[in-house]
Amino acid sequence: SAEEDLQVTVNSFNNFFAEKIDKIRVMFIQRWFSSTGRHSNGMKSRIVILGCGWGGFRLARVLDKKKFDVTVISPRNHFVFTPLLPSTAVGTIEFRCVQEPIRTVKGIDYYQAASKTIDFGKKEILCHSVYDNSSEFSVRYDKLVIAVGTKSNTFGVPGVETDEENITHNPSGTNKHNLFFLKQIEHARSIRNRIIECFERASSPFCDEEEKKRLLTFLIVGGGPTSIEFASELYDFLKNDVAKWYPDLASKHQTIVVEAGDHLLGSFSDTLSKYVEKKFVSRNILTLTGESVQEVKEHSVILKSGNALPYGVCVWSTGNKELDFVKSLDLKLDRGRIVVDSCLRVDGKDSVYAIGDCARIQNLPLAMLAQVANQQGKFLGKCLNKDENLPFRYINMGSMAQLGTYDAVADLNYGKLSGLSAFIAWRTAYWTYSVSISNKLLIPMYWFKSYWFGRDISRF
Ligand code: FAD
């Protein structure tokens, strides 16, 4: 009958609308859960961050802990403020001034472990404890951020090996043959100890002149900002502290910088690079440009020219290389860095991001810099908090390198500075950027202490 037909039509309309309303309701609930970062069962979703360097540490701070369970996995339980690391290698400031424990970031879980492999299908990371390589465990993630940085590049030179990935809770920081890298706190500590050891050995009545000369030859391989800053810090130490505490040796030391390119500080403008080269000449720092180290032996390095250069301490700072861990992952790499899109998402992997030195944005290759990693960590944190995917925009703040007390060079957007003004800019910038109030207090205290009372020359 017509009445029955009408009833059927009304029912089918009702069903149609009920279905639509249900779909819209589910969609709204899903949207709401995703905007709060929670699963539909009300559980917070878990973001795992690998590494607590410039990128990982900043991200861990910015992420909204009310929305996400944040877990950080890193073999080192602290962040290192790398721009001031060369200053610690001669005792201008103490190691505590440049580190910040990751556990001071409120509301996170932390495991002192190294990630070994990642099962992207199961969304699981296999890690091993730094206290026992055989203690392995898995951590599940909903979103993963890889921020593991890089290791020192050895260029396969015989006698130069980095054990930076052989991570233990008690790394020595010493390479064989008294060669040191300068990337971690333990490296700076070993360099400092070795420099003092060389002066104490050279002070011994049993040390002949030739051995003295060797022990007091400080060789720096690489002419980039880290090498220049270390050479300058070393110069201050030799000029002020060695002259005071080892007066007999004050005229017997020699600092040599070996750089394969034509100039020091090749990434800076010509004017600033020349300024540094002139400064080094006036400081009696020998610069060997167009020269490279072919082999490192126990007491000498062999140069490309065939000359053997005896040394007491050799600091190797020739750039970075990808970690074996990164190489082992099933990911697309470009020059050893994980390829990410403009939103920092890893190519072809669901809910996986990479930031900092280990990542390379397609069509926007950025230098391996703290300011890049820091900006990416902050940016990604904000995007994840808002559940947005936006393209990352880098704000270049310029480059600076300090040349010891009262001197520096700064290649800034609004101009180039050198001398005292650059030095004030350098100190102000890095003091401002230091990550905790305690370090903001400690850093100027040690600057003042070293200036007035000298650096500590105890060997520990
Ligand atoms: P990193 O800061 O290197 O952090 C990597 C993190 O990953 C570490 O916590 C590490 O323990 C962890 N990790 C390693 N392996 C694993 C693993 N398997 N699983 C989990 N975690 C792992 N840049 C500037 O812009 N200005 C400067 O003045 C400046 N000075 C520098 C001075 C020195 C001496 C050095 C070494 C670097 C300097 N840089 C500077 C460069 C800057 O430090 C790097 O670009 C920056 O540290 C990169 O940050 P990141 O987070 O990518 O990696």
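Since this is a predicted model, take the numbers as computed values, not measurements.

Caption draft 1: Layout of the packing of helix α10 (residues 420-433) against helix α11 (residues 437-453). Contact geometry of α10 with α11 gives a least axis separation of 9 Å together with a crossing angle of 150°. The chirality of how α10 crosses α11 is right-handed. In contact with W426, R427, W431 and T432 of α10, α11 contributes K440, I443, P444 and W447. Across the contact of α10 with α11, the residue classes tally to 5 nonpolar, 1 polar and 2 charged.

Caption draft 2: Seen up close, the packing of helix α2 (residues 54-62) against helix α9 (residues 370-386). Look at α2 against α9: their axes get within 7 Å of each other, and the N-to-C directions meet at 30°. Taken together, the axis directions place α2 and α9 in an arrangement best described as roughly parallel. Crossing of α2 against α9: the hand is right-handed. For the pair α2 and α9, contact is made by W54, G55, R58, L59 and V62 and by A370, A373, N374, G377, K378, L380, G381, K382 and N385, respectively. In terms of residue class, the contact of α2 with α9 is made up of 6 nonpolar, 5 polar and 3 charged.

Caption draft 3: Representation of a nonpolar patch on the surface in the model. A contiguous nonpolar surface patch, about 850 Å² in accessible area, is contributed by Y406, L420, I424, F448, Y451, W452 and F453. For the nonpolar patch, the secondary-structure elements that each account for two or more residues are α10 and α11. Residue classification places Y406 among the partly exposed residues on the basis of a relative accessible area of 46%.

Caption draft 4: Structural context of the sheet that holds strand β21 (residues 337-340). Spatially, 3 strands are ordered β20-β21-β23 in an open sheet, and the strand pairing comes out mixed. In this open sheet, the two strands that pair with only one neighbour each are β20 (333-334) and β23 (359-361). Where β21 meets β23, 3 bridges bridge the pair, whose relative direction is parallel. By the bridge assignment for β23, V339 is matched with R360.

Caption draft 5: Representation of the state of the cysteines in the model. In this structure the tally under the stated criterion is 0 disulfides. C52 supplies the cysteine sulfur nearest to C97, a cysteine that is in no disulfide, at a spacing of 18 Å. No disulfide involves C314; its sulfur sits 12 Å from the nearest other cysteine sulfur, which is in C198. According to the relative accessible area criterion, C314 is buried, its value standing at 0%.

Caption draft 6: Representation of the pattern of salt bridges. With the rule as written, the count across this model stands at 19 salt bridges. The shortest N-O distance in the salt bridge between E209 and K252 comes to 3.7 Å. On the criterion of sequence distance, the pair formed by E209 in helix α5 (residues 209-215) and K252 in the loop between α6 (225-245) and β13 (254-259) is long-range, its members being 43 residues apart. Given the relative accessible area of 33%, K252 is considered partly exposed. Residues joined in a network through salt bridges with shared partners are R194, E197, R201 and R459.

Caption draft 7: Highlighting the domain arrangement of the protein chain. Looking at the protein chain, the domain boundaries give domain 1 (45-76 + 112-150 + 322-386) and domain 2 (152-320 + 398-453). Taking the mean C-alpha position of each, domain 1 and domain 2 sit 31 Å from one another. Summed over both partners, the interface of domain 1 with domain 2 comes to about 1,300 Å²; 48% of that surface belongs to carbon and sulfur atoms. Per-residue buried area on domain 1 facing domain 2 is highest for R76, V130 and T150; these three make up 38% of the total on that side. The interface formed by domain 1 and domain 2 contains 1 salt bridge. Linking E186 and R76 is a salt bridge whose minimum nitrogen-to-oxygen distance equals 2.9 Å. Applying the counting criterion to the domain 1 and domain 2 interface returns 4 residue pairs in polar contact (both at pLDDT 80 or more). Looking at the side of domain 1 that touches domain 2, the elements with two or more residues in it are α2, α8 (324-328) and α9.

Caption draft 8: Geometry of the pairing of strand β18 (residues 313-316). Residues of β18 alternate between two faces, with V313 and V315 on one and C314 and W316 on the opposite face, all of them buried. With 3 bridges connecting them, strand β11 (residues 179-181) and β18 associate as parallel partners. Pairing of L179 across the sheet is with C314, part of β18. Two strands pair when backbone bridges link them, and strand β12 (residues 217-221) and β18 are joined in this way by 4 bridges, in the parallel orientation. Note that in β18 the partner of F218 across the bridge is V313.

Caption draft 9: Quick peek at the sheet that holds strand β25 (residues 408-412). Spatial strand order, β24-β25-β26: 3 strands in an open sheet with antiparallel pairing. Both edges of this open sheet fall to β24 (399-402) and β26 (415-418), since each of them pairs with a single strand only. Neighbouring strand axes in the sheet, compared pairwise and without regard to direction, differ in orientation by 5° on average. As paired elements, β24 and β25 share 4 bridges and run antiparallel to each other. Counterpart to Q402 in the pairing with β25 is A408.

Caption draft 10: Representation of the packing of aromatic side chains. Evaluated as defined, the whole model comprises 15 aromatic pairs. Seen in terms of ring centroids, F379 and F392 are 5.4 Å apart; in terms of plane orientation they differ by 70°. Their pairing is edge-to-face. Of this pair, F379 sits in helix α9 while F392 is found in the loop between α9 and β24, placing the two residues 13 residues apart along the sequence. Among the residues examined, F379 registers a relative accessible area of 18% and is labelled buried. An aromatic cluster is defined as three or more aromatic residues linked by ring pairs; in this entry it consists of W54, F57, F79, F81, W426 and Y430. Sitting over the ring of F95, R189 keeps its end group 4.8 Å from the ring centre. A cation over a ring is seen here: R427 above W447, with NZ or CZ 4.1 Å from the ring centre.

Procedures and definitions
- Position labels on residues start from 1 in each chain and follow its written sequence.
- Local features in this predicted model are restricted to residues of pLDDT 70 or higher, and side-chain atom pairs are both shown and tallied only at a pLDDT of 80 or more, whereas totals for entire chains, interfaces and linings draw on every residue.
- Side-chain numbers come from the whole structure's heavy atoms, not from hydrogens or water.
- For helices, the fitted axis covers only the stretch in contact; all axes are lines through C-alpha atoms, and the angles between them, taken along N-to-C directions, range from 0 to 180 degrees.
- Numbering goes from the N terminus for both helices and strands, where a helix is a DSSP run of H or I of at least four residues and a strand is a run of E of at least two.
- Here a crossing is taken to be left-handed if its near helix is turned anticlockwise relative to the far helix by less than a right angle, and right-handed if that turn runs clockwise.
- Pairs of residues are marked as contacts when any of their non-hydrogen atoms sit within 4.5 Å.
- Side-chain classes follow a simple rule in which Ala, Val, Leu, Ile, Met, Phe, Trp, Tyr, Cys and Pro form the nonpolar group, Asp, Glu, Lys and Arg form the charged group, and the remainder, Gly included, forms the polar group.
- With respect to orientation, any angle under 35 degrees is reported as roughly parallel, any angle over 145 as roughly antiparallel, any angle of 65 to 115 as roughly perpendicular, and every other angle as oblique.
- Patches here: salt-bridge-free residues with over 30% relative accessible area, like charges joined within 9 Å, nonpolar side chains (Val, Leu, Ile, Met, Phe, Trp, Tyr) joined within 5 Å.
- All accessible-area figures derive from a Shrake-Rupley calculation using a 1.4 Å probe, and residue coverage is judged against the displayed protein chains alone.
- Counted as salt bridges are all cases of a side-chain nitrogen of Lys or Arg within 4 Å of a carboxyl oxygen of Asp or Glu.
- Each residue is assigned to one of three classes by its accessible area relative to the maximum for its type, calculated with a 1.4 Å probe on protein chains only: buried under 20%, partly exposed between the two thresholds, exposed over 50%.
- Should DSSP find at least two bridges between two strands, the strands are regarded as paired.
- Counting rule for disulfides: a pair of cysteine sulfur atoms within 2.5 Å.
- Segmentation of the chain into domains, including their bounds, is taken from an automatic or database domain assignment.
- The quantity reported as buried area is the accessible area (1.4 Å probe) lost by two parts once they are put together, taken as the sum for both.
- By the criterion applied in these results, polar contacts are pairs of N or O atoms within 3.5 Å in which, for protein atoms, one can donate a hydrogen and the other can accept it, and in which residues neighboring in sequence qualify only through two side-chain atoms.
- Aromatic contacts are taken between Phe, Tyr and Trp rings whose centres are within 6.5 Å, Trp giving its six-membered ring; a plane angle under 30 degrees counts as stacked, one over 60 as edge-to-face, and the others as tilted.
- Geometrically, a charge over a ring is one whose NZ (Lys) or CZ (Arg) sits within 6 Å of the ring centre while staying within 35 degrees of the ring normal.

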